[in-house]
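Given next are the chains, with one letter for each unit.
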Amino acid sequence: QVQLLESGGGLVQAGGSLRLSCSASGRIFSNSGMGWSRQAPGKEGEFVAAISWSGGGTDDAEDVKGRFTISRDNAKDTPYLQMNSLKPEDTAVYYCATTPYHGPVGVDRWYDYWGQGTQVTVSS
């Protein structure tokens, strides 16, 4: 059974930083691409960032380029999302996901397992 558990969300002022983590189990994650998506209130979910199985390739959404960095530690089966220069429009529930493909996969529908999400709120 694949399980993903996000942590690290919270309330931060605009311009601040947060680091999200995702504890993963139930799959050989060192062979799998992983990613982050988010959903703001009243909006559809959107892709944020993805990383390949080895960590050698990444893909970021345009509006987070230069501010967010995705990484992974395969020894811990854990991907991370470092978020800097946060803006109020980054406020959303952030979800970790895994795909059976090596990645990076920048399309949400190619992910087959998702975590329950962690809330990120950025105040102005």
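Small disclaimer: the values here were computed from a predicted structure and weren't measured.

Rules used throughout
Residues numbered from 1 in each chain as written. Predicted model: local features only at pLDDT ≥ 70, side-chain atom pairs only at ≥ 80, totals over all residues. Heavy atoms only, no water. Helix = DSSP H or I, 4+ residues; strand = E, 2+ residues; numbered from the N terminus. Rg over C-alpha atoms; globule rule 2.2 N^0.38 Å. Pairing = 2+ DSSP bridges. Axes fitted to C-alpha atoms, helices over the stretch in contact; angles between N-to-C directions. Phe/Tyr/Trp six-rings, centres within 6.5 Å; stacked < 30°, edge-to-face > 60°. Buried < 20%, exposed > 50% of the residue type's maximum accessible area, 1.4 Å probe, protein only. Lys NZ or Arg CZ within 6 Å of the ring centre and 35° of its normal. Core = buried A, V, L, I, M, F, W, Y, C linked by side-chain atoms within 4.5 Å. Contact = heavy atoms within 4.5 Å.

(A) Broad picture of the overall build of the protein chain. Scanning the protein chain for helices and strands turns up 0 helices and 11 strands. Starting at the N terminus, the α and β elements of the protein chain follow one another as β-β-β-β-β-β-β-β-β-β-β. Here the C-alpha radius of gyration of the protein chain, 13 Å, is about what a compact globule of 124 residues would show, namely 14 Å. Here the C-alpha coordinates of the protein chain stretch approximately 40 × 25 × 25 Å along the principal axes.

(B) Spotlight on the sheet that holds strand E3 (residues 18-25). In spatial order, the strands read E1-E3-E8-E7; together these 4 strands make up an open sheet with antiparallel pairing. Every interior strand has two partners, whereas the edge strands, strand E1 (3-7) and strand E7 (68-73), have only one. In this sheet, neighbouring strand axes are inclined to one another by 15 degrees on average, regardless of whether the strands run parallel or antiparallel. As paired strands, E7 and strand E8 (residues 78-83) are joined by 6 bridges and run antiparallel to one another. Across the sheet, Thr69 pairs through a bridge with Gln82, a residue of E8.

(C) Quick peek at the packing of aromatic side chains. Evaluated as defined, the whole model comprises 2 aromatic pairs. With 6.1 Å between their ring centres and 50 degrees between their planes, Tyr101 and Trp110 make a pair best called tilted. The class for Tyr101 is partly exposed, based on a relative accessible area of 47%. Above the plane of the ring of Tyr80 lies Arg19, whose end atom (NZ or CZ) is 4.0 Å from the centre.

(D) A look at the nonpolar core. Counting 31 residues, the largest nonpolar core has Trp36, Val48, Phe68, Leu81, Met83 and Tyr94 as its most contacted members. Elements with a minimum of two residues in this core: E3, strand E4 (33-39), strand E5 (46-51), E7, E8, strand E9 (92-99) and strand E11 (118-123). The biggest single contributor to this core is E5, with 5 residues. Leave out the neighbours within four places in its chain, and Phe68 touches Arg38, Val48, Asp60, Leu81, Gln82, Met83, Asn84, Leu86, Asp90 and Tyr94.

(E) Representation of the pairing of E3 in the model. Relative to E3, E1 runs antiparallel, the two being bridged by 5 bridges. Directly across from Leu4, in E3, lies its bridge partner Ala24. Both E3 and E8 contribute to a ladder of 4 bridges, which runs antiparallel. Looking across to E8, one finds that Leu18 is bridged to Met83.

(F) The arrangement of unusual backbone geometry in detail. Here Gly103 and Pro104 are connected by a cis peptide whose omega angle stands at 0 degrees. Relative to the elements of secondary structure, Pro104 occurs in the loop between E9 and strand E10 (113-114). With phi around 50 degrees, Asp77 is a residue other than glycine that occupies positive phi space. Structurally, Asp77 can be placed in the loop between E7 and E8.

As far as function goes, none of this settles anything; it's purely spatial.
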